[in-house]
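Survey of secondary and tertiary structure
This is what each chain is made of:
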Amino acid sequence: MHVIREDGSLDPTLDPGLSIDRVIGLYKAMVRTRVIDDRLEKLQRQGRIAFHVGSLGEEAAIIGSAAALREHDWIVPCYREVGALLWRGYPLQRYVDHMYGNADDPLRGRQMPDHTFSRAHRYLSVSAPIGTQIPHAVGVAMAARARGLDECVGVFFGDGATSSNDFHSAMNFAGVYQAPVVFLCRNNGYAISLRVEQQTAVQTMAEKAPAYGVPAVRVDGNDALAVWQAVGEGVRRASGGGGPTFIELMTYRLGGHSTSDDPRIYRTKDEVESWRKADPIDRLRKHIDRRDAWSDDLDEDWRAVCDAEVKECVRRAEEKPSPELRDMFTDVYAEQPWHLREQEAQCIEGPRARDDEEEP
Amino acid sequence: MARLDFKLPDIGEGVTEGEIVEWFVGVGDTVVEDDPMVEVMTDKATVTIGAPCDASVERLCFGVGDVARVGQVILTLESEGASNVDSAQRSSRPPATAVGDIQDHVPGAGLFTPEEVPTRNGGGRRGSVRPAAAAKRRSLRTSAESVGQISYFQAKPLATPATRRLAKDMAVDLRRVRPSGAGGRVTREDVRAAVRGQMTDDKPHAQLEEREPLVGMRRKIAERMQHAKTTAAHFTFVEECDASRLVDLRARLSDEASRRGVRLTFLPFVIKAVTEALKRHPVLNAEVDEQTNELVYKKYYNIGVATATDAGLMVPVIPGADRLRLFELASRVEALAKAAREGTLSPGDLRNSTFTVTSLGKRGGLLATPILNHPEVGILGVHRIKDKPVIREGQVVPGKVMILSLSLDHRVVDGHVGAAFAYDVIETLENPERLFYDAL
Amino acid sequence: MTEMNLVQAINSGLRDAMLADESVLVMGEDVGRLGGVFRVTQGLRETFGADRVLDTPLSESGILGTAIGMALHGLRPVSEIQFADFIYPGVDQLLSEAAKYRYRTAGEFHVPMVVRTPYGGGIRGGQYHSQSPEALFIHTPGLKVVCPSNPYDAKGLLLEAIADEDPVLFFEPKRVYRAVKMDVPDDAYTVPLGKAKTVRSGEHVTCVAWGAMLFEAFSAAEQLAAEGIDVEVIDLRTLWPLDIDALVESVHKTGRLVVVHEAPRTCGFGSELVTLIVERAFLHLEAPPVRITGWDTPFPLTHEQEYLPLAHRIAPALRDTARY
């Protein structure tokens, strides 16, 4: 499914009919995500943060989905979707603090960078094991319905996750219980190095869904308006009691799997270049330009604003101290049991690992 | 301007080093933040590292093809406001990466030195005993062997933690407790029995032996003797003394003494002679303070009188003996001896002597080597007066002879000083009228 | 008061919890129409409807994964895993997700869920209907592990577990399901988590057990009483967080410890209990602590009576320890 045509015009049969302001809002969020990604990758290269998993090339799939979900719907992330969280107004400073694991990191330095969450933004927590979040999404959706609430759940996962135990469990439960879930499968071509053709013997991810009784649609994931349209339909179906929808968002990961990855090992420059031509930001820009509502100057200004914002956040994050050592021992249980009280005291009163850098 | 040492960061998956593939900057170049500076190839990826801030390049530390370790400075920049970056770089030792912080070196890795290879002739040893461990085992054995007396265990005694606790509380050395428990274990009952002195022994001669624990007074005496003997440098000076006049004098005073209810022995005369001599030889009325390494001269003369009792040797003290008259001394000596035998001495009666006299009694032998009443530096053993031929004015005549055995601490008392003191005492005893010079 | 067996007491606890709190629901394989393969949930579907008593597809990761989602949203799911032996496909959800959610969101999200599962041998169930995997969960920070031995404790502990804000593994000794009957209050009541119970006071040796093995420990203790050996038997009830004080206090008194559990010995919970006692009561020990456990083999069938640490193995161990 495409909405934006080659020349930037919209397919009239699928046009979601968004106002130009909403389209520009979408575009600006995609650009902002990319600027932040770019900055974080540089910081990682300079050794200032440990790790980053970006969304280069997948901004339409992520932000288009987030934009189509209603404010009170839940987002269950995989790990590449911080753009969706920021779309919901999550403070950038908090995100950058998290990337540094400093004292203001909401995670208190307990996790690698890019493991975000926010109850206020109805955004569950990122977990590294693949696919484990998918049944959570079904459970949240079942609970919402059980409590008589009109809340849907959009759950992100990649093409690789469709091979996981939990994917099958979750799809099956969603089908059986007709849970109000929208499955958002970002098919970006690779699970780290593994091509999607080797991930599964079927041609598309979408054709897995009917086996669970879940309707599926395959969408151009680099076409923000197509994503918006498809996810919106999924939300409407779920909200109306029509059960789950599986959406395969066809996109391409232009960057590495993470900053630890070197994609040059497993794919060619030509392949990447050909996908650059399908850049989701350029695609949407083309449409906006056609409506004559944006300019290069505005574009440049916006990018500069975003970069300045993230740089300022970085400056502040680098000035903040580390989280307290005792934070290591809280939140294991609602109340701290005796053994953790004891271990906390042993740790705090005991000898410390040297954390000064080893000089060669 | 601030100098920034740019260190090779861990650019992913815990890499430890990277090869410099290409420099995009040279010394003196100015770079704008994010300008590519260098391309580095690690075992995981080849990445371009951008400038952390606007700066000029001061120095490149590696050439193309060189391998830099993570954390090594690869180039130096001059910039404003670089400190922030610097600290960020320092503090951001990555807590983890996608697959964990894989390091090629951990502290203590050197522990695992190559195993000793079997030698051609030596028949090959499996593994090797590390010298430190061997030494430790040796020292363990030595310490067990060095335990004197009976030791039932080569090294550690076998006992449960609770029994060890009991033994510790009761100050019992488990190695010396005869084990009666299964597998040669010391039981709680064994420890209690050891304390009660009811140790039994099933060795061959056990029936012919009797065991008595060194407890109470006996243990105290043993400790004190041991301490005196191992601390002071004992030497003993022996001389005889013609006690004829002393015997004579005592005989003449005895009536008056008994009239006053005093039993007059020779000991008060000796004590009197000693206190007078001590005043003339102050080093004999002193003690060595081992803590401060000082010699402490005492200006008071408290004379200890060694007394045999059923419980063992005791040394009751006559304080201010130099100020007592002869009969007063006599009655004090008698009272103390009685109290000692009856066990009614108070702790105060046993403290603070400055010099000790020991009367060796009827079976005092020819001579003796008394052990000092530590920390005193002198003890005088007084032997029984015997009838012996003496030569007086060229004639062999029957005489009354008393032997004095004087032990001294050679650390502080030289031989001639000790001898002078001895002759001083002898002089008085041979001419007991000297005792009354003060009354003249 | 009604005389109940363990099955009935747990059923009563579930019923009380569901009546008191609409957010409590029951889910698992065959728990609805059938009432569970052990009939623990019998009648609940009739009372509370299929929306609160969910017959789920045959997928442990699905059951536990969706239960986590429900708990994240604010429900209090009580999932049944048909046999503890079948929990492993869902273990990732428990270890990686339920146990860590509170920690990895600094308390913003938490997972108040209970996972009920029958465990243990002695029912001629062979390898896959007899296991005792409690140590795996005790080893995982963030999980609580409960194991009642009797109907009264079972209901009280279950209600407390359902009310708890953290994920609780609730191991039910299936050997005891219908074997023990006692008076149980019809109304709701609680037995606190983290509190052991001394079921027999004694001076000479402490015997720690839980679940089905408690009765074996108790009968071994009774045998030894005739010999003048006075055994103190402690029912842990909550395995984690452990009632360490009760244990230490008892060993301070007796100086001797025997731990009994069905699970294989190596790295079983007994290892941890012995270590804790050695660390905390070392100077009081009169004998080496002993573990009487299942052997380090998969659970057998024909010889299960020799595999299990029954009274015939516990009694000599208690005797030897007392006389050490």
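This section reports on the structure supplied with the text. (Residues numbered from 1 in each chain as written. Chains lettered and ligands numbered in written order. Predicted model: local features only at pLDDT ≥ 70, side-chain atom pairs only at ≥ 80, totals over all residues.)

Considerations on the overall build of chain A
Looking only at helices and strands, chain A features 12 helices and 7 strands. Taken over the C-alpha trace, chain A has a radius of gyration of 21 Å; the compact-globule value for 360 residues is 21 Å, and the two agree within 12%. Along the three orthogonal principal directions, the C-alpha set of chain A runs to about 70 × 50 × 40 Å. In chain A, which comprises 360 residues, the share counted as buried stands at 53%. Restricting the contact set of chain A to residue pairs at least 6 apart, pairs at least 24 apart contribute 75%. (Helix = DSSP H or I, 4+ residues; strand = E, 2+ residues; numbered from the N terminus. Rg over C-alpha atoms; globule rule 2.2 N^0.38 Å. Buried ≥ 20, exposed ≤ 12 C-beta atoms within 10 Å, placed from the backbone. Contact = placed C-beta atoms within 7 Å.)

Some thoughts on the overall build of chain C
For chain C, the helix and strand inventory stands at 12 helices and 14 strands. Along the first, second and third principal axes, the C-alpha set of chain C runs to 60 × 40 × 40 Å. Looking at chain C as a whole, 62% of its 324 residues are labelled buried. Across chain C, every contact between residues at least 6 apart in sequence was considered, and the portion connecting residues at least 24 apart equals 80%.

Some thoughts on the interface of chain C and chain A
Taken together, the contact pairs 36 residues of chain C with 37 residues of chain A. The element contributing the most residues to the side of chain C that touches chain A is helix α3 (residues 60–73) of chain C, with 10 residues. Looking at side-chain class alone, the side of chain C that touches chain A contains 14 nonpolar, 14 polar and 8 charged residues. (Nonpolar A, V, L, I, M, F, W, Y, C, P; charged D, E, K, R; others polar.)

As for the nonpolar core
Membership of the largest hydrophobic core comes to 208 residues, with the highest contact counts inside it found for A:Ile63, A:Val181, C:Val146, C:Cys207, C:Ala217 and C:Leu318. Element by element, the count of residues in this core is highest for helix α1 (residues 20–45) of chain A, at 10 residues. Dropping the residues within four chain positions of it, A:Val181 is found in contact with A:Ala137, A:Val138, A:Ala141, A:Cys152, A:Val153, A:Val155, A:Ala174, A:Ala238 and A:Pro244. (Core = buried A, V, L, I, M, F, W, Y, C linked by C-beta atoms within 7 Å.)

Things to note about helix α3 (residues 161–169) of chain B
Residue and element names in this part refer to chain B. Where α3 is concerned, the buried positions are Thr 163, Leu 166 and Ala 167. For α3, the buried positions fall inside an angular range of 100° around the axis, keeping them on one side. Downstream of α3 by one or two residues, Ala 171 has phi in the positive range, about 55°. (Arc of directions from axis to C-beta.)

Some thoughts on the packing of helix α5 (residues 133–146) of chain A against helix α6 (residues 165–177) of chain A
Residue and element names in this part refer to chain A. Following both chains from N to C, one finds α5 and α6 inclined at 20°, their axes separated by 7 Å at the closest point. Regarding the angle of α5 to α6, the classification is roughly parallel. Considering how the two elements wind past one another, α5 and α6 form a crossing that is left-handed. Here Ile 134, Pro 135, Ala 137, Val 138 and Met 142 of α5 lie close against α6, whose contacting residues are Asp 166, Phe 167, Ser 169, Ala 170, Phe 173, Ala 174 and Tyr 177. Grouping the constituent residues of the contact of α5 with α6 by class yields 10 nonpolar, 1 polar and 1 charged. (Axes fitted to C-alpha atoms, helices over the stretch in contact; angles between N-to-C directions. Parallel < 35°, antiparallel > 145°, perpendicular 65-115°, else oblique. Left-handed = near helix turned anticlockwise from the far one by under 90°.)

Structural notes on the packing of helix α1 (residues 6–20) of chain C against helix α7 (residues 151–163) of chain C
Residue and element names in this part refer to chain C. Contact pair α1 / α7: the axes reach a minimum separation of 8 Å and the direction vectors enclose 30°. Taken together, the axes of α1 and α7 are roughly parallel relative to one another. Relative to α7, the crossing made by α1 is right-handed. Residues Leu 6, Ala 9, Ile 10, Ser 12, Gly 13, Asp 16 and Ala 17 of α1 lie in contact with α7, whose contacting residues are Pro 151, Tyr 152, Ala 154, Lys 155, Leu 158, Leu 159 and Ile 162. Residue composition of the contact of α1 with α7, grouped by class: 10 nonpolar, 2 polar and 2 charged.

What to know about the pairing of strand β14 (residues 290–294) of chain C
Residue and element names in this part refer to chain C. Most of β14 sits inside the fold, with 5 of its 5 residues counted as buried. Relative to β14, strand β13 (residues 257–264) is paired through 5 bridges, and the arrangement is parallel. Within β14, the residue paired with Val 259 across the bridge is Arg 291. For the crossover that starts at β13, traverses helix α10 (residues 269–281) and ends in the parallel β14, the hand is right-handed. (Pairing = 2+ DSSP bridges. Right-handed = clockwise from strand over helix to strand, strands pointing away.)

Topic: the sheet that holds strand β1 (residues 2–7) of chain B
Residue and element names in this part refer to chain B. Strand order in the open sheet made by the 4 strands is β1-β8-β6-β3, with antiparallel pairing throughout. One side of each edge strand has no neighbouring strand; the edge strands of this open sheet are β1 and β3 (30–31). Across 5 bridges, the pairing between strand β6 (residues 55–60) and strand β8 (residues 73–79) is antiparallel. The residue bridging Ala 55 from the neighbouring strand is Ser 79, located in β8.

Some details on the sheet that holds strand β9 (residues 197–200) of chain C
Residue and element names in this part refer to chain C. Spatially, 5 strands are ordered β9-β11-β10-β13-β14 in an open sheet, and the strand pairing comes out mixed. Of all strands in the sheet, those with a lone pairing partner are β9 and β14, marking the two edges. Across the sheet, the mean angle from the axis of one strand to that of its neighbour is 25°, orientation sign disregarded. Judged from the 5 bridges that link them, strand β10 (residues 205–209) and strand β11 (residues 231–235) form a sheet pairing that is parallel. If you follow Cys 207 over to β11, its bridge partner there is Val 233. The strands touched by helix α8 (residues 213–225) within the sheet are β9, β10, β11 and β13, with β11 carrying the most contacts at an inclination of about 170°.

Topic: the pairing of strand β2 (residues 153–158) of chain A
Residues and elements named next belong to chain A. Counting buried residues along β2, 6 of its 6 residues qualify, which places the element largely inside the surrounding structure. Side chains Val 153, Val 155 and Phe 157 of β2 all project onto a buried face; the interleaved residues Gly 154, Phe 156 and Gly 158 project onto the opposite face, where all are buried too. Two elements, strand β1 (residues 74–76) and β2, share 3 bridges in a ladder whose sense is parallel. Counted as the bridge partner of Val 76 is Val 155 from β2. Taken together, the 6 bridges between β2 and strand β3 (residues 181–187) define a ladder with parallel strand orientation. Pairing of Gly 154 across the sheet is with Val 182, part of β3.

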